[in-house]
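# A structural walkthrough
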Amino acid sequence: MKRALVLGLLVLLASCARLGGPNPVEKLAYVVGEPYQIGSVWRYPRAEYSFDQTGLAAIASDRVGLTADGEIFDQGVLAAGHRTLQLPAILRVTNLENGREILVRLNDRGPSNPARLLSLTKRAALLLDIRADATRLRVQMQDTETRQLAAELSSEGPKLDVASVPRGTVETESLAPPEGAAQSARVRSAAAKAAPVSSSSGVASSIPLRLPESILQGYAQPGSLYIDAGSFGRQDYASILVNKLAYLGARLTTSYTAPRAKAYRIRIGPFATVAEAESMLERTISAGVNDAAIVVE
C-alpha cells in the first residue's frame, strides 16, 4: 500500500513538472528595463508614446509563465511583445496586407528575430487573419491609454493585484470573420466601457487587462520592403552613415512629415522578397548598425 502511494506521488510530481509546476501568480508592474543583449545585438528599452512603425510580424511560441510585466502568458488574449517599448502599453496593430486593425496589450519582450517588429499571440494573429510568419504590419502606440497605464502602474504608485476583466460589448455590422473568431466585426460605434480592473490597494483601471475583440476593416496597403538604417536631424550626420553603407546601396532620403529629429533617413532597397530583406538586414547589422530594421513603405 505504501509503495503504491509513493508511486502515485511520483507520477503526480512528474505531471506537475511537465505542466510547468503551480500556476504563476499574476503581479502587474510598469516596466521599461535595463539594456540587454540578444545574440550579438544590444537592445535599449525606452518609453515611446509616439511610436509609429512598420515591419514584419512574428507569432509567439507556446510557453508557460509570466510576461515581462508580470501577467500570465496567454495565447488566447490580444497581446504582443516588443524588444524595447515600455510595458504595459496599448498598441493599434494593422495587417497591411488586408487592412484589418485591432488593439493589443503590449506586455512582453520579443521577438528574438531582429527581422521581426512585433510578436503576436495566436489569438491576435487569428483576428488579424495572419496565417504566416512575416506578414506586413503597422504598429501605433495609443498615447492616452498607455500614459494612463503608466500612471497607474509606475514605480512611484501602487502595484496592482489584477483580477480578470469581462470583455466589453461592441455594436457591430457584418464582416466575414477569420476562422475560429467568436466575434469579428467592423466597429460602428465605440465599445461599451469594460469593467475596471480590481485592485487590493483600492486603485482601479478603466483599461481592461483582457482587451475586447474589436476589428476595424480598412484598405490593404502592403507596400514594399526596405531596410531602415537610421534617421537624423542633421544632413551631415546622415551623410556619414550613408557613405559608410554605400557598398550596400544605401541612400539618403528626406521626410517632410517626420519630426525634425528624424528628417534625414537612410534606406536600402526595395526588396522583392522577405528573404532578400532579411539577408540585407544581416549585412547591415554586421556593418555595425545594430538598430537597423525592416520597414514597409
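First, a word on what this report is: a plain description of the structure on this page. (Residues numbered from 1 in each chain as written. Predicted model: local features only at pLDDT ≥ 70, side-chain atom pairs only at ≥ 80, totals over all residues. Heavy atoms only, no water.)

### Comments concerning the overall build of the chain
Quick reminder of the rule: Helix and strand definitions follow DSSP, with helices as H or I runs of at least four residues and strands as E runs of at least two, each counted in order from the N terminus. Only protein chains enter the accessibility calculation, which uses a 1.4 Å probe. A residue is then buried if its area is under 20% of the maximum for its type, exposed if over 50%, and partly exposed in between. A contact between two residues is defined here by any heavy atoms of the two lying within 4.5 Å. To be clear on the numbers: accessible area is Shrake-Rupley with a 1.4 Å probe, and residue cover counts the displayed protein chains and nothing else.
Of the regular secondary structure elements, the chain holds 5 helices and 15 strands. Within the span of the chain, comprising 297 residues, buried residues form 45% of the whole. Sequence separation of 24 or more characterises 75% of the internal contacts of the chain that already satisfy a separation of 6 or more. Only carbon and sulfur atoms are counted for the fraction: they give 55% of the accessible area of the chain, which is about 15,300 Å².

### Let's talk about the layout of surface pockets
In plain terms, the rule: Buried and open spaces are told apart on a 1 Å grid over the protein atoms alone, a cavity being a set of points where a 1.4 Å probe fits but cannot get out and a pocket being an open set with protein on both sides within 12 Å along at least five of seven lines. Residues with an atom within 4 Å of a point are the lining residues. Grid points are joined across faces, edges and corners, and a volume is the space filled by probe spheres set on the points. Under the scheme applied, nonpolar residues are Ala, Val, Leu, Ile, Met, Phe, Trp, Tyr, Cys and Pro; charged residues are Asp, Glu, Lys and Arg; polar residues are all the others, including Gly.
For the largest pocket, the calculated volume is near 1,200 Å³. Taken together, 39 residues line the largest pocket, and the ones lying closest to its centre are Phe51, Asp52, Gln53, Asp228 and Lys262. At the level of secondary structure, the elements contributing two or more residues to the lining of the largest pocket comprise strand S2 (41-43), strand S3 (52-59), strand S12 (225-232), strand S14 (264-271) and strand S15 (293-296). Looking at side-chain class alone, the lining of the largest pocket contains 15 nonpolar, 11 polar and 13 charged residues.

### Considering the nonpolar core
Put simply, the rule is: By convention a nonpolar core is built from buried Ala, Val, Leu, Ile, Met, Phe, Trp, Tyr and Cys residues, the set being connected through side-chain atoms within 4.5 Å.
If you look at the biggest cluster of nonpolar residues, it comprises 26 residues, and the most contacted ones within it are Ile227, Leu245, Ile266, Ile268, Leu281 and Ile294. Only S12, helix H4 (235-244), S14, helix H5 (274-286) and S15 provide two or more residues apiece to this core. Leave out the neighbours within four places in its chain, and Leu281 touches Pro114, Ala115, Ile227, Ala292, Ala293 and Ile294. By size, the runner-up hydrophobic cluster in this structure holds 24 residues, among which are Phe51, Ala80, Leu87 and Leu118.

### Section: the sheet that holds S12
What counts is decided by this rule: Following DSSP output, two strands are said to pair if at least two bridges run between them. To obtain each axis, a line is fitted to C-alpha atoms, and for helices this fit is confined to the stretch in contact; angles are then taken between N-to-C directions over 0 to 180 degrees.
Taken in spatial order, the 4 strands of this open sheet run S13-S14-S12-S15, and their pairing is antiparallel. A single partner strand is all that each edge strand has here, and the edge strands are strand S13 (251-254) and S15. Averaged over all neighbouring strand pairs, the angle between strand axes comes to 45°, with direction disregarded. As judged from the 6 bridges shared by S12 and S14, these two strands associate in the antiparallel manner. Paired with Leu225 across the bridge in S14 is Phe271. Seen against the sheet, H5 touches S12, S14 and S15 and runs at an angle of roughly 35° to S12.

### Description of H4
In plain terms, the rule: As used here, the arc belongs to the directions running from the helix axis to the C-beta atoms.
By the burial criterion, the buried members of H4 are Ala238, Leu241 and Val242. Across the axial projection of H4, the buried residues extend over an arc of 105°, all falling on one side. Every exposed residue of H4 that faces more than 90 degrees away from the buried side is listed here: Ile240 and Asn243. Elements that come into contact with the buried residues of H4 comprise S12, S13 and S14.

### A short note on the packing of aromatic side chains
Inclusion rule: Side-chain rings of Phe, Tyr and Trp (the six-membered ring for Trp) are treated as a pair once their centres are within 6.5 Å; stacked means planes under 30 degrees apart, edge-to-face means over 60, and tilted covers the remaining angles. Only when the NZ of Lys or the CZ of Arg is both within 6 Å of the ring centre and within 35 degrees of the ring normal is a charge said to sit over the ring.
Summed over all chains, the structure comprises 0 aromatic pairs. Lying over the aromatic face of Phe73, Arg63 brings its terminal NZ or CZ to 4.3 Å of the ring centre. The ring of Tyr49 is capped by Arg147, whose NZ or CZ atom sits 4.0 Å from the centre of that ring.

### Notes on the pairing of S12
Within S12, 6 of the 8 residues are buried, which leaves the element mostly enclosed by the surrounding structure. Two strands pair when backbone bridges link them, and S12 and S15 are joined in this way by 4 bridges, in the antiparallel orientation. Within S15, the position partnered with Asp228 by the bridge is Ala293.

### Some thoughts on the side chain of Thr253
Tracing the sequence through the fold places Thr253 in strand S13. Thr253 gets classed as buried once you look at its relative accessible area, which sits at 19%. Excluding residues that lie within four positions of it along the chain, Thr253 makes contacts with Ala263, Tyr264, Arg265 and Arg267.

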